[in-house]
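Survey of secondary and tertiary structure
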Amino acid sequence: MKYRLWQVVTALVQRLPAGASYAVAFVLGSLAFYGWPRGRRATIRNFSRVLAGQTPGEIRRVSRRSLINYCCYLADFVRFPSLSPRELVDRVGGAESFAALDGVLASGKGAIIVCMHFGNWDLGAGAAAARGYQVTVVAETFADRRLDRMVVESRRRLGMQVVKMERAGPSLIRSVKRNGLLALLIDRPVPGDGVRVTFFGEEVEVPAGPARIAIRTGARVVPAAFPRVRPNRPEVTTQTDFDIVFESSGDEEADVQRLTQAIMASHERFIRANPDQWYMFREMWPSPSRSASAAR
């Protein structure tokens, strides 16, 4: 069902001008918000923390806009294969961030670019590949192999090396040691299998992978985000934090927690600046009762 739906959406978007495809995204995102109760409730609960102190109406507005922006991201994703390397580069602002990245890579130890489901992270990775960087990304596997293959090939055509999450391991270490960029998403809640940090004033458990790889390879960690510049336009800007400089204490678990906390603090700033461009449609902060139920 998902594959057929994706085929229909792809065929439609590829035949429409960009502006019209964003109009379709607006309609689909709005329908999803009102027609997907579970996702709507989770999104509203998440933004109730992000927008603490805002009115319920404002929280609902940002939650709905988040789903619409995600559909705009999907519309852009469909068009990626038709873009030239020059077009990819031109759509991503932030030359100063790439210049700073060159300075990091001068050490020869690579860099771990830590993103969230925010803005248009695939466009940022594609532009980096088009600029000549070696970019490795980790991707989840879709249950439908046809849909999974379609998504993976779209990213590979952008110049990324795609590693499936269940096969990640030594290949990620190798990509960093080749002085490449390893792009990882960190906003995937992993209760019982991650590291606990404070995020928007509440404790949450997130993947420890970015910090562990950085500690074991000596690579620099660079939180990054690629928010859309204007509604209904494909261009994004680049937000980065190059101020995270890690020094080992000799206690790896404590170091992982400290480095992950620094990463999440950077992303908290990015989200505060553009909250409706964060796409989190499952609960980021499960209540104690739900966490206990999930554990049983």
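Now for a look at the structure at hand. What you see is a predicted model, and the numbers here were worked out from it, not measured in a lab. Every residue gets a number counted from 1 within its own chain, in the order that chain's sequence is written. Per-residue local features of the predicted model are confined to residues with pLDDT of at least 70, and side-chain atom pairs are confined, for both listing and counting, to 80 or more; whole-chain, interface and lining totals are unaffected and use all residues. As a rule here, side-chain values cover all heavy atoms of the structure and leave hydrogens and water aside.

A run of H or I in DSSP counts as a helix once it spans at least four residues, and a run of E counts as a strand once it spans at least two, with each numbered from the N terminus. If you tally the helices and strands in the protein chain, you get twelve helices and eight strands. Taken over C-alpha atoms, the radius of gyration comes to 19 Å for the protein chain, in line with the 19 Å a tight globule of 296 residues would show. Along the longest, intermediate and shortest principal axes, the C-alpha atoms of the protein chain span 50 × 50 × 35 Å. Here the analysis covers contacts within the protein chain between residues at least 6 apart in sequence; of these, 75% occur between residues at least 24 apart. Where accessible areas are quoted, they stem from the Shrake-Rupley method and a 1.4 Å probe; at the residue level, only the protein chains shown are allowed to cover. By element, 53% of the accessible surface of the protein chain is carried by carbon and sulfur atoms, the whole surface being about 14300 Å². Asp and Glu count as negative and Lys and Arg as positive, but His and the ends of the chain are not part of the count. The atom standing in for a charge is NZ when the residue is Lys, CZ when it is Arg, CG when it is Asp and CD when it is Glu. In the protein chain, which carries 42 positive and 28 negative side-chain charges, the distance between the mean positions of the two groups comes to 8 Å. To get the radius of gyration, use the C-alpha atoms; to get the globule rule, take the number of residues to the power 0.38 and multiply by 2.2 Å. In this description, contact between two residues means that some pair of their heavy atoms is separated by no more than 4.5 Å.

Right, let's talk about the pairing of strand β2 (residues 135–139) for a bit. Buried, partly exposed and exposed residues are distinguished by accessible area as a fraction of the type maximum, computed with a 1.4 Å probe on protein chains only: under 20%, between the cut-offs, and over 50%, respectively. In terms of residue burial, β2 counts as a mostly covered element, since five of its five residues are buried. Burial along β2 is two-sided: the face carrying Val135, Val137 and Ala139 and the face carrying Thr136 and Val138 are both buried. Strand pairing is assigned whenever DSSP detects at least two bridges linking the two strands. Bridge count for β2 against strand β4 (residues 181–185) is three bridges, and the pairing is parallel. Paired with threonine 136 across the bridge in β4 is leucine 182. The sheet contact formed by β2 and strand β3 (residues 161–164) spans four bridges and is parallel. Paired with alanine 139 across the bridge in β3 is lysine 164.

In this section: a nonpolar patch on the surface. Patch definition: residues with relative accessible area over 30% and no salt bridge; like charges joined within 9 Å; nonpolar side chains (Val, Leu, Ile, Met, Phe, Trp, Tyr) joined within 5 Å. Note on definitions: salt bridges are taken to be side-chain nitrogens of Lys or Arg within 4 Å of carboxyl oxygens of Asp or Glu. Together, Phe26, Val27, Leu28 and Leu31 make up an exposed nonpolar region whose accessible area comes to about 350 Å². Turning to its location among the elements, leucine 28 is positioned in helix α2 (residues 18–35).

As a further point, take the side chain of aspartate 122. On the secondary structure map, aspartate 122 appears in helix α7 (residues 121–130). On the accessibility criterion, aspartate 122 (3% relative accessible area) is buried. Among all residues touching aspartate 122, those that are not within four sequence positions of it are Tyr73, Phe77, Phe80, Arg155, Leu158 and Met160.

Time to look at the packing of aromatic side chains. Only rings of Phe, Tyr and Trp enter the pairing, Trp through its six-membered ring, and a pair is recorded when the two centres are within 6.5 Å. The plane angle decides the type: under 30 degrees is stacked, over 60 is edge-to-face, the rest tilted. One pass over the structure, following the stated rule, counts 17 aromatic pairs. Between tryptophan 121 and tyrosine 279, the aromatic rings sit 6.2 Å apart at their centres with planes inclined by 50 degrees, giving tilted as the arrangement. Pair noted here: tryptophan 121 is in helix α7 and tyrosine 279 is in the loop between α11 (252–273) and α12 (288–295), with a separation of 158 residues, a long-range link. Judged by its relative accessible area of 5%, tyrosine 279 falls in the buried class. With a centroid separation of 6.3 Å and an interplanar angle of 75 degrees, the aromatic rings of tryptophan 278 and tryptophan 285 are classed as edge-to-face. One exposure class covers both tryptophan 278 and tryptophan 285, and it is buried.

Inspection of the entire model under this criterion finds 20 salt bridges. The salt bridge involving arginine 45 is made with glutamate 283; its shortest N-O contact spans 2.9 Å. Of this pair, arginine 45 sits in helix α3 (residues 37–50) while glutamate 283 sits in the loop between α11 and α12, and the two are 238 residues apart along the sequence. For glutamate 283, a relative accessible area of 16% translates into the label buried. Of the charged contacts, one joins glutamate 140 and arginine 188 as a salt bridge, the two residues approaching to 3.7 Å between their closest N and O atoms. Remark: arginine 188 occurs in the loop between β4 and β5 (195–199) and glutamate 140 occurs in the loop between β2 and α8 (145–157); sequence separation between them is 48 residues. Residue classification places glutamate 140 among the partly exposed residues on the basis of a relative accessible area of 37%. Accessibility expressed as a relative area gives 28% for arginine 188, which makes it partly exposed. Overlapping salt bridges bring together Arg212, Arg216, Glu252 and Glu253 as one network.

Backbone geometry places asparagine 179, a non-glycine residue, at a positive phi of 65 degrees. Positioned with a positive phi, asparagine 232 is a non-glycine residue whose angle comes to about 60 degrees. As for its position among the elements, asparagine 232 is in the loop between β7 (220–225) and β8 (239–240).

Taking 1.5 Å as the rise per residue, α8 with 13 residues should run 18 Å; its terminal C-alpha atoms sit 18 Å apart, in good agreement. Here a polar contact means two N or O atoms within 3.5 Å. Within protein one must be a hydrogen donor candidate and the other an acceptor candidate, and residues neighboring in sequence count only if both atoms are side-chain atoms. In this structure aspartate 144 caps α8, since a side-chain oxygen of it lies 2.9 Å from the backbone nitrogen of arginine 146. Downstream of α8 by one or two residues, glycine 159 has phi in the positive range, about 100 degrees. The span you would expect from a helix comes to 1.5 Å times its residue count less one.

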